[in-house]
Amino acid sequence: MIFLYILAAIVLILIILMSIAPKNYHVNRSVIIQRPLSEVFEYIKYIKNQDNWSPWGKKDPDMEKTFTGTDGTVGFISHWKGNKQVGEGEQEITGVFKNERLETKLRFLKPWKSESDAYIKVEEVTPETTKVIWGFSGVNKPPGNLFMVFFNMDKTVGKDFEEGLLNLKQQLEK
């Protein structure tokens, strides 16, 4: 009988945690780049260019990648398979809005399945300076949202975005 009470308490705790755990997430970071907006956008619209600045490429230099479609256009897909740090998934271009933003769908397959909407926006600060905002958002359905109680998405992924944006800045300001 004690075992059943303990089991019921654990189930109740899990149900309560799932009901209060965050179901939505949104992470973004920005950087100012000393280059004209059109030049910055022309570079960031190509997913393959992310190999030059993305922090995940450094985490697994031997990552396998395959590509489908024409880079820089809607429907282009970059599929990756890497070590435990980068997992497996794909990124598909879902929107290209010239000199405004690039929208993609991120589909993670391993270590766990999830989908996120990602974007890179550009805003003119001056004719020679551009603000780049990199972000993503999504929904964690129960019971997957329970993981969010113990994992700070903004803090963890935010660090990667900051590193990537600094790499992008260095790449474009050469």
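Please read all numbers here as calculations on a predicted model, not as lab measurements.

Caption draft 1: View of the pairing of strand 7 (residues 129-139). With 8 of 11 residues buried, strand 7 is to be regarded as a mostly interior element. The pairing of strand 1 (residues 24-33) with strand 7 spans 10 bridges and is classified as antiparallel. Within strand 7, the residue paired with Ser30 across the bridge is Ile133. Where strand 6 (residues 114-126) hands over to strand 7, the hairpin turn is made up of 2 residues, counted between the paired strands.

Caption draft 2: Geometry of the side chain of Arg29. Assignment of secondary structure puts Arg29 in strand 1. In this structure the side chain of Arg29 is engaged in a polar contact, spanning 2.8 Å, whose partner is the side chain of Glu162. If near-sequence neighbours (up to four positions away) are discounted, Arg29 is found in contact with Val132, Ile133, Trp134, Asp154, Gly158, Phe161, Glu162 and Leu165.

Caption draft 3: Spotlight on the nonpolar core. Ile33, Val40, Ile44, Val122, Val132, Phe136 and Leu168 are the most contacted members of the largest nonpolar core, which has 26 residues in total. Elements represented by at least two residues in this core include exactly strand 1, helix 2 (37-44), strand 6, strand 7 and helix 4 (153-172). For this core, the leading source of residues is helix 4, giving 6 residues. Not counting chain neighbours up to four residues away, the residues in contact with Leu168 comprise Ile33, Tyr43, Ile44, Trp53 and Val132.

Caption draft 4: Structural view of the layout of surface pockets. In this structure, the largest pocket spans a volume of roughly 1100 Å³. Around the largest pocket, the lining comprises 49 residues; the ones closest to its centre are Trp56, Trp80, Gln85, Val86 and Phe108. For the lining of the largest pocket, the secondary-structure elements that each account for two or more residues are helix 3 (55-59), strand 3 (77-81), strand 5 (101-110), strand 6, strand 7 and helix 4. For the lining of the largest pocket, a count of residues per class yields 22 nonpolar, 17 polar and 10 charged.

So, how was this worked out
- Residues numbered from 1 in each chain as written.
- Predicted model: local features only at pLDDT ≥ 70, side-chain atom pairs only at ≥ 80, totals over all residues.
- Heavy atoms only, no water.
- Buried < 20%, exposed > 50% of the residue type's maximum accessible area, 1.4 Å probe, protein only.
- Helix = DSSP H or I, 4+ residues; strand = E, 2+ residues; numbered from the N terminus.
- Pairing = 2+ DSSP bridges.
- Polar contact = N/O pair within 3.5 Å; in protein donor to acceptor, adjacent residues only side chain to side chain.
- Contact = heavy atoms within 4.5 Å.
- Core = buried A, V, L, I, M, F, W, Y, C linked by side-chain atoms within 4.5 Å.
- 1 Å grid on protein atoms, 1.4 Å probe; cavity = no way out; pocket = protein on both sides within 12 Å on 5 of 7 lines; lining within 4 Å.
- Points joined across faces, edges and corners; volume = space filled by probe spheres on them.
- Nonpolar A, V, L, I, M, F, W, Y, C, P; charged D, E, K, R; others polar.

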